[in-house]
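Letter by letter, the chains look like this.
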Amino acid sequence: QVQLVESGGGLVQPGGSLMLSCAASGRTFSSMIMGWFRQAPGKERDFVAAIRWSAGGTYYADSVKDRFTISRDNAKNTVYLTMNNLKPEDTAVYYCAARSYYGDFDYTTGYPYWGQGTQVTVSS
């Protein structure tokens, strides 16, 4: 089992910045993909960004490209999501997720491990 714990959510004004953290522990894979997803009330959970743990390759949803940055600290087993120029439509519960590198080539799906989520609210 892989345990994921998100932190760093909160209330921020439009145009502001916020950094989310995801601490990972438990079972590990030889190679993993770590992802961030978000879900607003009444909406489906949407892919935000992903990073390959070892190689460091990153992938972003068009809605956050050039505003959000996903990164990781291997020594701390932690993945980060740095969010800049936040917009009200970014308001959602943000979830950290993990999956094996081996599996579906679609990096937006196939994540069996999830954190509990952290609320991000963008409002004046």
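See the structure printed just above.
In this report, we go over the structure that sits alongside the text. As the structure is a prediction and not an experimental result, all values here were calculated from the model.

### Thoughts on the overall build of the chain
1) Next: Check the secondary structure of the chain and you find 0 helices and 11 strands.
2) Next: Starting at the N terminus and ending at the C terminus, the chain contains elements arranged as β-β-β-β-β-β-β-β-β-β-β.
3) Next: For 124 residues, the compact-globule formula gives about 14 Å, and the C-alpha radius of gyration of the chain, at 14 Å, lands near that figure.
4) Next: For the chain, the spread of C-alpha atoms along the three principal axes comes to 45 × 25 × 25 Å.
5) Next: Taking all 124 residues of the chain together, 41% fall into the buried category.
6) Next: If you take every contact in the chain between residues at least 6 apart in sequence, the share linking residues at least 24 apart comes to 56%.
7) Next: Approximately 6500 Å² of the chain is accessible, and the part contributed by carbon and sulfur atoms is 48%.
8) Next: Averaging the coordinates of the 11 positive side-chain charges in the chain and doing the same for the 10 negative ones gives two points 4 Å apart.

### Things to note about the packing of aromatic side chains
1) Next: Within the structure shown, the criterion is met by 7 aromatic pairs.
2) Next: By the ring-pair criterion, three or more aromatic residues cluster together here, those being Phe37, Phe47, Tyr59, Tyr107, Tyr111 and Trp114.
3) Next: Positioned over the ring face of Trp114 is Arg45, at 4.7 Å from the centre of the ring.

### Things to note about unusual backbone geometry
1) Next: Non-glycine residue Asn77 carries a positive phi angle of around 50°.
2) Next: Position of Asn77 relative to the elements: it lies in the loop between strand 7 (68–73) and strand 8 (78–83).
3) Next: One non-glycine residue, Asn85, lies in the positive phi region at around 50°.
4) Next: For Asn85, the position within the fold is in the loop between strand 8 and strand 9 (92–100).
5) Next: Asn85 gets classed as partly exposed once you look at its relative accessible area, which sits at 39%.

### Side note on the pattern of salt bridges
1) Next: Following the criterion strictly, the structure yields 2 salt bridges and no others.
2) Next: The salt bridge involving Arg38 is made with Asp90; its shortest N-O contact spans 2.8 Å. Of this pair, Arg38 sits in strand 4 (residues 32–39) while Asp90 sits in the loop between strand 8 and strand 9, and the two are 52 residues apart along the sequence.
3) Next: The class for Arg38 is buried, based on a relative accessible area of 12%.
4) Next: One salt bridge connects Arg67 with Asp90, and the closest N-O pair in it is separated by 2.8 Å. With a gap of 23 residues between them, Arg67 in the loop between strand 6 (58–60) and strand 7 and Asp90 in the loop between strand 8 and strand 9 connect regions that are remote in the sequence.
5) Next: By relative accessible area, Asp90 is classed as buried at 0%.
6) Next: Taken together, the salt bridges that share partners define one network made up of Arg38, Arg67 and Asp90.

### Focus on the side chain of Arg38
1) Next: At 3.5 Å, the side chain of Arg38 forms a polar contact with the side chain of Ser63.
2) Next: A distance of 2.9 Å separates the side chain of Arg38 from the side chain of Tyr94, its partner in a polar contact.
3) Next: When sequence neighbours within four positions are dropped, the list of residues in contact with Arg38 reads Glu44, Arg45, Asp46, Val48, Ser63, Val64, Phe68, Glu89, Asp90, Ala92, Val93 and Tyr94.

Conventions we followed
Residues numbered from 1 in each chain as written. Predicted model: local features only at pLDDT ≥ 70, side-chain atom pairs only at ≥ 80, totals over all residues. Heavy atoms only, no water. Helix = DSSP H or I, 4+ residues; strand = E, 2+ residues; numbered from the N terminus. Rg over C-alpha atoms; globule rule 2.2 N^0.38 Å. Buried < 20%, exposed > 50% of the residue type's maximum accessible area, 1.4 Å probe, protein only. Contact = heavy atoms within 4.5 Å. Areas by Shrake-Rupley, 256 points an atom, 1.4 Å probe, with all protein chains shown as cover. Lys, Arg positive; Asp, Glu negative; His and termini not counted. Charge placed at Lys NZ, Arg CZ, Asp CG, Glu CD. Phe/Tyr/Trp six-rings, centres within 6.5 Å; stacked < 30°, edge-to-face > 60°. Lys NZ or Arg CZ within 6 Å of the ring centre and 35° of its normal. Salt bridge = Lys/Arg side-chain N within 4 Å of Asp/Glu carboxyl O. Polar contact = N/O pair within 3.5 Å; in protein donor to acceptor, adjacent residues only side chain to side chain.

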